[in-house]
Amino acid sequence: MIPSAFEYHAPTSVAEAISLLGQHGDEAKILAGGHSLLPAMKLGLAAPGVLIDITKIAELRGVVINGNVNIGSLTTWAAIAQHEGLRRVLPVLGEAVSQIGDLQVRNRGTLGGALAHADPAADAPALTLALDAAIRVHGPKGERTIAAVDFFTDMLSTALEPDELLTAIIFRPLGAGEGAAYVKFPHPATRYAIVGVAAYIKLNGTHVSACRIGVTGAGAKAERQNDVEQAMLGGDGGDEALATASLRAGEGMDILGDIHASEDYRRAMVKVYTKRALAAAVARARG
Amino acid sequence: MTATEVKERIVGRALKRREDPKLIQGQGQYLDDIKLQGMLHIALVRSPHAHANIKQIDISRALAHPGVVAVFTGAEMLDINPLPAAWQAGGVKNNAVTPRALAVGKVTMVGDPVALVVAEDRYIARDAALLVEVDWEPLPAVVDAKQAAQPGAPQLHEAAPNNIVFEWEAGSQTDADAAFASAEVQVSEPIINQRLIPTPLETRGAIARYDNATSEFTVWMTSQAPHVMRLLLTAFVFGIPETKLRCISPNVGGGFGQKIFCYNDMAFTMWVARKLGRPVKFVEDRAENYQYSTHGRDHITDAAICGTKDGKITGLRVKTYANIGGYFSTIAGGIPTTLYGRILNGVYKIPGVYVHVTGTYTNTAMVDAYRGAGRPEASYLIERMVDRFAAELGLDPVEVRRKNFIQPTDFPYQNGLGLLPYDSGNYEPALDKALAMAGYTEFRKAQAEARTQGRYLGIGVSSYVEICGVAPSAWVGLNGQGWGAGLWESANVRVHLTGKIVVTTGSLPHGQGIETTFAQLVADELGVAYEDVEVQWGDTQGTPFGYGTYGSRSLSVGGVAVKKSLDKLKAKVKKLAAHMLEANEVDIVFDDGKAFVQGSADKAKTFAEIAAQAALAYSLPEGMEPGLDETSYYDPPNCTFPFGTHIAIVEVDTETGHVALKRYIAVDDCGNRINPLIIEGQIHGGIVQGVAQALYEGAVYNEDGQLLTGTLMDYAVPTAAMVPHFELDHTVTPSPVNALGVKGAGEAGTIGSAQAVINAVVDALTPFGVKHIQMPVTPERVWKAIQQK
Amino acid sequence: MTTITVTVNGTPYTRTVEPRTLLVHFLREQLNLTGTHIGCDTSQCGACVVHINGESVKSCTTLAIQCDGATITTIEGLAQNGQLHPLQEGFWEKHGLQCGFCTPGMIMAAADLLQQNPDPTDDEIRHGLEGNLCRCTGYENIVRAVRYAADKINTVAAD
């Protein structure tokens, strides 16, 4: 398989990248890790006229932990998984990231790329929702920050404007009484999520004082589960509470069906995996 | 005294493979690694429709594209014939419609090629192929083998009314009816053996070169059977002398059956090379391989089994629709008939068996042999039905197996399905060994205990027998099973002046380690150093004719041909040694690489000395020709029948339906064992393909004939993390059929495994009343089966 | 067309490429390093795995132009001074290959795995090789081969 021909640019700064985006408009696609874009191009599913390769922009790479956790959009899964500091303050990231693709995909694939691509079965969107991450983007008018919950708008669609570049993802480190987990039902061939659920729990003593859930793989886009979250609040996070609350998962969502999992089955699995993610998050929050 | 007592025998030793040094250093030469001076590249224009008429093809834009040398359509290639149908279902009418080099007039599957672009490089060829404009008239499609035969189904080929390729039967309907009429218990079940995509890691392709001065073609091909391709392409497709084509298989990156067949790319690369006078290369990408190269299995079956209340099986009735795909592939007729229907009784004595098979065309990729080829389908069916039967009676499936086994004293065993007699077998020791390894009795206790805790464990047993070492030519050939030629093998053993030995074979190893295994045989037989033996294969120029490597036949047929050549060679060695030692030939012993007069081993002539004398020919016995060079043809008197028992242990997550394969035990009997390392490797790989069918793989077409599992992003070939460690052991029941006592091991793993896994899953789900789940048992299917309780 | 310079197996090469030229095609067609194979085209099978700046990467899903200035190691560059790499030795000793088509990529992936985890369990080996498909061996002997190599490397390191 061979991609169609394209014009290639490799900017070395964010400003240069944004200028190129402005110049080429819809014709252009950003190339980061390339593990979604290049296969799509080889299969003829995408044929951008211009590729803007941002991998030479050093400032987009790396993890900074000072109060918040700031992860450059070009930071690879492998770099996230191996980052000592992240293992301490946000262990769920490593847990989730190590389930992505394979060793080679993790060496190339980037957090920012996955979020900007917004594949409905990608793992990272669920994490950003559950962890209430902020997504920093730069455009011709400067920079702005988008809450994860507002970022994913539809299948393969985000709140990014065509002339904007996703530059960083900001997480809040977890402290005592907080726990998060990611569990997924992997696609047997790609290990994308057929259903993936990220859960965050904060305990106030023995009671749940905050809960966020991000579900991926099930619908056109990753989504929070407000009903489940509400049901968890004030409860003790025990098995019965989890079982009851997770029954609300996926309700009201447009669930997808395909050859790997029908709509009915996915709907049921959203509940099961929500329960399992919550159970793990609660256990971690209890310490 | 035999040679074995002097020189350490290497037959039976787990030698590491001589094939490997180049392959582990990236120095193998696979098809796409070959570059010829001036070589052009071909890209195909393929149908996006499963069924359509071709109204018009406009090549003008493609032709104008810079770097394009030529664009051709099928209409221009009508001077060559369609590909041959080399194995049609035996004894019945076959409506065989085979593909042409490029489709003409209509297409019958997605990916059916209608035009080709020849360009200076593959990037240009690919770009230009997108510029060919085809005016399609889409037609309704049918993808299901059973629906295809129903009235009103879309019709693929005029020559095949109701899409029927053949109607074939085996066994006795009368006996089966009688068995069912008097049975105390009977069970029926629809059994689907889903379509699989063989997926050798290397896709297929061909490179053709034509020498205008001599009118000779050379074709490099990803083929398991280059000699057969040479025959088919010259005698049937091009109508040229067989001597005008040289076929070469370089290193072949896995075959699993898909690379046995004659494909359109062999024909169109030859045609284009001749037309343009330049060498051309075509290599499929993976999506093309999935759309157009052959698939396997795809049976829709209604099966019924009957017997007595105490577990004696008396009857088996099977009606199968076998999907043939959009055209008839090279040996598609023999797979769901001879290699399936004739061994449906498996390892059991069943008095009344009857099978009827309807082969049908559908708007899907052609279906032909895939690892096991018919025997996995048969083995799956009987082993599932035996479990169903046992469950219906509330009996232990192991005991039902034991009760119905063909006994050691029954061999040679005629199964009543028109098969040659099973050569040898001893099924119970293999079963017992596997049960012991699995800890069957303890497992049953643990299983009961686990169920009380809400954990669902299952154990599945599969006792299989299969057909290898195919096949006696007179039986398998045109007057018997419908195979369009013979099925013998030949081998040449040539000794050079320096005593170095070259074996040439028509077998075509592509992972089976034949170079190593054959060299082990030769070294022991001649008492020479293993390193002094070279095994050559793959090029029709320089190797004797062979039907190729498939059907687990390369040792049990090709290896026996080597053995026969060695026997001839040794006779000549003795004769020459007698002359050199001035003794009588009858007194000469040839052993451990030396020839001597019986009782005086100290006055011996070494093999090297004899070889030198034979080559120099300074002093030969009266009338003896120089040289030690012998060729043999071996036509086996029977097939061989390897067997064994596989056991799978699973745990089912009843909330999600996920099946965890916890343990896998395999006890196989492939007769005598030349290289255990290689045999075990074959078993391992075979098991994964069966396990994959049980748990993961399945080609899916939608109703319009679009292949939904069109790449490895959707077709789930298992990774290392998806399969367990395998626990292997074996029994040895030599085959009486051949001088080596070998049976074959290439497909046993696949033939024995899928049903072990499914039996285990169903066993785990017994508390939920689950009786059968169709493969692959995806989490969703398991979950649904549980929900339906 | 753009000119790039890459160092492959210790040798610097300067060549012109189209932006769309895949790294695997660059290696195979322009540098004649045909040990790196193409199996799936969609980044599942790993037959094309090479190391770019020390990390294992699927070269069918990487553009050659992106590798300007990079250091690349392919299977042809793994053996040093005629000595097989312990992984090559392990695959040979343990019958970790049959048709051999997946083997170069499998070995390159395993080399990266052992860099990251020098003493993996069998389970870690299986998960570490998730990016590589083998259709022949059933993986049993590949796991043994990687184990062999790990043991050998660790023994040498301990000496």
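Quantities reported herein were computed from a predicted structural model and do not represent experimental measurements.

Along its length, chain A carries twelve helices and 14 strands. Over its C-alpha atoms chain A spans a radius of gyration of 19 Å, differing by no more than 12% from the 19 Å that the globule rule assigns to 287 residues. Sorting the 287 residues of chain A into buried and exposed places 59% on the buried side. A sequence separation of at least 24 residues applies to 62% of the contacts in chain A between residues at least 6 apart. Within the structure as shown, chain A displays about 10700 Å² of accessible surface, and the carbon and sulfur contribution to it stands at 49%. Here chain A contributes 26 positively and 30 negatively charged side chains, and the mean placements of these two sets differ by 6 Å.

Along its length, chain C carries five helices and five strands. Overall, chain C shows an N-to-C arrangement of helices and strands of β-β-α-β-β-β-α-α-α-α. What you see for chain C is a C-alpha radius of gyration of 16 Å, in line with the 15 Å of a compact globule of 159 residues. Seen through its C-alpha atoms, chain C measures out along the principal axes to roughly 45 × 35 × 25 Å. Counting over 159 residues, chain C shows a buried share of 66%. Expressed as a percentage of contacts within chain C between residues at least 6 apart in sequence, the contacts between residues at least 24 apart total 57%. In the structure as shown, chain C presents an accessible area of about 5000 Å², 47% of it carried by carbon and sulfur atoms. Side chains of chain C carry 10 positive and 17 negative charges; the gap between the two charge centres is 6 Å.

At the junction of the two partners, chain C supplies 49 residues and chain B supplies 54 residues. Summing the contributions of chain C and of chain B, the shared interface buries around 4500 Å²; its carbon and sulfur component is 56%. The interface formed by chain C and chain B contains six salt bridges. As a salt-bridge pair, C:Glu93 and B:Lys16 come within 2.6 Å of each other at their nearest N and O atoms. For the pair chain C and chain B, the number of links is 31 residue pairs in polar contact (both at pLDDT 80 or more).

For the rest of this paragraph, the subject is helix 6 (residues 226-238) of chain B. All names here are of chain B. Considering bend angle alone, the principal kink of helix 6 is centred on Leu-232 and spans about 25°. For helix 6, the tally of buried residues reaches ten of 13 residues, placing the bulk of the element in the interior. All of the buried residues along helix 6 are Pro-226, His-227, Val-228, Met-229, Arg-230, Leu-232, Leu-233, Thr-234, Val-237 and Phe-238. The inward-facing, buried residues of helix 6 contact strand 10 (216-221), strand 11 (245-248) and helix 7 (264-276). Positive phi shows up at Gly-239, right after helix 6, with a value of about 60°.

A separate point is the sheet that holds strand 23 (residues 628-634) of chain B. Residues and elements named next belong to chain B. Read from one edge of the open sheet, four strands run 19-18-17-23, paired in mixed fashion. Each edge of the open sheet is held by one strand with a lone partner, namely strand 19 (533-536) and strand 23. Here the average twist between neighbouring strands, direction ignored, is 15°. As defined by bridge partners, strand 18 (residues 501-505) adjoins strand 19 across four bridges and the pair is classed as parallel. If you follow Val-502 over to strand 19, its bridge partner there is Glu-534.

Mapped onto the fold, B:Thr203 is located in the loop between strand 8 (185-196) and strand 9 (205-211). Apart from residues lying up to four places away in sequence, B:Thr203 is in contact with B:Thr222, B:Lys259, B:Val283, B:Glu284, B:Asp285, B:Arg286, B:Asn289 and C:Gly39.

Moving on to the packing of aromatic side chains. Residue and element names in this part refer to chain B. Following the criterion strictly, the structure yields 26 aromatic pairs over all chains and no others. Between Tyr-456 and Phe-768, the aromatic rings sit 4.8 Å apart at their centres with planes inclined by 55°, giving tilted as the arrangement. Pair noted here: Tyr-456 is in strand 16 (residues 456-465) and Phe-768 is in the loop between helix 19 (748-764) and helix 20 (779-787), with a separation of 312 residues, a long-range link. Neither Tyr-456 nor Phe-768 differs from the other in exposure class; each is buried.

This part takes up the domain arrangement of chain A. Residue and element names in this part refer to chain A. Looking at the assigned domains, one finds that chain A contains domain 1 (7-53), domain 2 (58-171) and domain 3 (178-286). On a C-alpha basis, the centroid separation for the pair domain 2 and domain 3 is 20 Å. Across the domain 2 to domain 3 interface the summed buried area is about 1900 Å²; carbon plus sulfur atoms make up 57%. Among the residues of domain 2 in contact with domain 3, Gln-99, Leu-129 and Ala-130 are the three that bury the most area, contributing 24% of the side total. Put simply, domain 2 and domain 3 have three salt bridges between them. Residues Asp-102 and Arg-191 are paired through a salt bridge, measuring 3.9 Å at the closest nitrogen-oxygen approach. Where domain 2 meets domain 3, there are eleven residue pairs in polar contact (both at pLDDT 80 or more). Counting only elements with at least two residues in the side of domain 2 that touches domain 3, the list comes to helix 5 (91-97), helix 8 (124-130) and strand 8 (152-154). Ranked by residues supplied to the side of domain 2 that touches domain 3, first place goes to helix 8 with five residues.

All names here are of chain C. When the domains of chain C are assigned, the result is domain 1 (2-77) and domain 2 (86-158). Centre-to-centre separation of domain 1 and domain 2, based on C-alpha positions: 22 Å. Facing 17 residues of domain 1, the contacting portion of domain 2 comprises 15 residues. Both sides together, the interface formed by domain 1 and domain 2 hides about 1200 Å², and carbon and sulfur atoms give 59% of it. Of all residues in domain 1, His-37, His-51 and Ile-75 give up the largest surface area on contact with domain 2, accounting jointly for 39% of the area buried on that side. Inspection of the domain 1/domain 2 interface yields zero salt bridges. Seen at the junction of domain 1 and domain 2, the total is eight residue pairs in polar contact (both at pLDDT 80 or more). Secondary-structure elements contributing two or more residues to the side of domain 1 that touches domain 2 are strand 3 (49-52) and strand 4 (55-58). Counting residues per element, the side of domain 1 that touches domain 2 draws most heavily on strand 4, which supplies three residues. Among the residues making up the side of domain 1 that touches domain 2, the classes are represented as five nonpolar, ten polar and two charged.

Rules used throughout
Residues numbered from 1 in each chain as written. Chains lettered and ligands numbered in written order. Predicted model: local features only at pLDDT ≥ 70, side-chain atom pairs only at ≥ 80, totals over all residues. Heavy atoms only, no water. Helix = DSSP H or I, 4+ residues; strand = E, 2+ residues; numbered from the N terminus. Rg over C-alpha atoms; globule rule 2.2 N^0.38 Å. Buried < 20%, exposed > 50% of the residue type's maximum accessible area, 1.4 Å probe, protein only. Contact = heavy atoms within 4.5 Å. Areas by Shrake-Rupley, 256 points an atom, 1.4 Å probe, with all protein chains shown as cover. Lys, Arg positive; Asp, Glu negative; His and termini not counted. Charge placed at Lys NZ, Arg CZ, Asp CG, Glu CD. Buried area = accessible area lost by both parts, 1.4 Å probe. Salt bridge = Lys/Arg side-chain N within 4 Å of Asp/Glu carboxyl O. Polar contact = N/O pair within 3.5 Å; in protein donor to acceptor, adjacent residues only side chain to side chain. Bend = angle between axes of the 7 residues up to and from the residue. Pairing = 2+ DSSP bridges. Axes fitted to C-alpha atoms, helices over the stretch in contact; angles between N-to-C directions. Phe/Tyr/Trp six-rings, centres within 6.5 Å; stacked < 30°, edge-to-face > 60°. Domains from an automatic or database assignment. Nonpolar A, V, L, I, M, F, W, Y, C, P; charged D, E, K, R; others polar.

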